[in-house]
Amino acid sequence: MSGDTWLKIDVFTTSEGIEPLYGMLLSMGIESAEIADEQDFESFLEKNTQYWDYVDEALRQEMHAPTRVTVYVRDDVNGRETLLLLRENVKRLKAENAAVGSLDIKIADVGEDDWFAEWKQYYKPFRVGDGITIVPAWEDFAGEGIVLRINPGMLFGTGSHNTTRLCIEILEKQIKPGCNVFDVGCGSGILSILSLLLGASSALAVDIDAAAPRIAHENAELNGIGKDVYTVLHKNILEEEVTDQRFDLVVANIVADVIIPLSAKVGKYIKEDGVFLCSGIIQDRLDDVLKALAQNGFRLLEKKQDGEWWAVLSGKE
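Residues numbered from 1 in each chain as written. Predicted model: local features only at pLDDT ≥ 70, side-chain atom pairs only at ≥ 80, totals over all residues. Heavy atoms only, no water.

Colleague: Which residues make up the nonpolar core, and what are the values?
Modeller: Ranked by internal contacts, the top residues of the largest apolar core, which has 67 residues, are F182, V184, Y230 and F276. Counting residues per element, this core draws most heavily on strand β12 (residues 270-282), which supplies seven residues. Listed in part, the 17 residues of the second largest apolar core include L7, V11, L21 and V71. (Core = buried A, V, L, I, M, F, W, Y, C linked by side-chain atoms within 4.5 Å. Buried < 20%, exposed > 50% of the residue type's maximum accessible area, 1.4 Å probe, protein only. Helix = DSSP H or I, 4+ residues; strand = E, 2+ residues; numbered from the N terminus.)

Listed below in structure tokens is the structure:
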């Protein structure tokens, strides 16, 4: 880790505002966010009372703080430009949707080493699907099944979000030995690296964040995967041609507002008998995504839900 300085940006919202705010951040290329939602915390406590003899008051006060979404950007010229754009987009979102709350912004400096040391306390190995364990790079782990080691850094998610879990559960059943995979909006590379561990012969990944190729390749190396079978590019699939290759499976764990236009472009990257797995779809946008997929020549194969989030598996007509 370096001693770089980052800007910690808290955007205060409501439970209803989390999804549109997070979608806006994703559209800016900000893929990693910490979400603190008082409503979810209270619901969790109520549903799991048998596990709680005592809830630390400091934790309760922290979780009772206003609902907020937290992101990090480097404290440099690019980071300050991102902050300016964030302010403009927040102002626009607030004018369009009263349910998002105040969208007040709080900014603080944070050292990367300090952030990383504290964050490590909370990111532990966790099981997904039938036999997959996601393990932080710094943790010792000797379990059975497939072990995916990951170090997402400050810019990307850890794989614990509902949408990533949904993708993993479907990938576990869809990946066949020797298939090839295209990961759109790869972030830290979790889904494409896992596909290779599940038996795919090769994977291509793209992301609009310039840091993604370095981080994803580093994570691939943690899992014994080299550039001979794994390629990561800094590309925007909505604006440019990525490859002339066709794939057995294309996966996009993004948001509905990106999946909808993507559905008009992604078909040319999928083999005739291939499938398209998309996730990051909030309940209220599911019908919009299904309609877009149908209009662009896809037939529904499977829908899978986790809380308010959905993943959709479709094939070409």
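Having seen the model, we can carry on.
Colleague: Report on the pattern of salt bridges, specifying residues and quantitative values.
Modeller: Taken as a whole and assessed by the stated rule, the structure comprises ten salt bridges. In this structure, R285 engages D257 in a salt bridge whose closest nitrogen and oxygen atoms are separated by 2.6 Å. Taken as a pair, R285 in the loop between β12 and α10 (286-295) and D257 in helix α9 (residues 256-262) lie far apart in primary sequence, 28 residues in all. K316 serves as the salt-bridge partner of E272, at 3.5 Å between the closest nitrogen and oxygen. Taken together, the positions of E272 in strand β12 and K316 in strand β14 (residues 309-316) put the pair 44 residues apart, joining distant regions of the chain. (Salt bridge = Lys/Arg side-chain N within 4 Å of Asp/Glu carboxyl O.)

Colleague: A description of the pairing of β12 should follow, citing residues and the corresponding values.
Modeller: Counting buried positions over the 13 residues of β12 gives ten, a clear majority of the element. Pairing analysis gives six bridges linking strand β11 (residues 247-253) to β12, with the strands arranged parallel. Its bridge partner lying in β12, F247 is registered against I270. Handedness of the crossover is the feature at issue here: the chain leaves β11, passes through α9, returns alongside β12, and the resulting connection is right-handed. Bridge count for β12 against β14 is seven bridges, and the pairing is antiparallel. (Pairing = 2+ DSSP bridges. Right-handed = clockwise from strand over helix to strand, strands pointing away.)

Colleague: How would you sum up the pairing of strand β8 (residues 180-184)? Please name residues and give values.
Modeller: Burial analysis of β8 places five of its five residues in the buried class, the great majority of the element. Residues N180, F182 and V184 point to one face of β8 and V181 and D183 to the other, with burial holding for every one of them. Pairing geometry for β8 and strand β9 (residues 202-207), over five bridges, is parallel. Across the sheet, residue N180 finds its bridge partner in β9, namely S202. Following the chain from β8 across helix α7 (residues 190-197) to the adjacent parallel β9, one finds a crossover that is right-handed. Alignment of β8 against β11, held across four bridges, turns out to be parallel. Note that in β11 the partner of V184 across the bridge is A252.

Colleague: Got a sec to walk through α7? Specific residues and values, please.
Modeller: Most of α7 sits inside the fold, with seven of its eight residues counted as buried. Considered for burial, the residues of α7 that qualify are I190, L191, S192, I193, L194, S195 and L196. Taken from the residues just after α7, G199 is the one with a positive phi, measuring 125 degrees.

Function-wise, these values are silent; they only describe arrangement.
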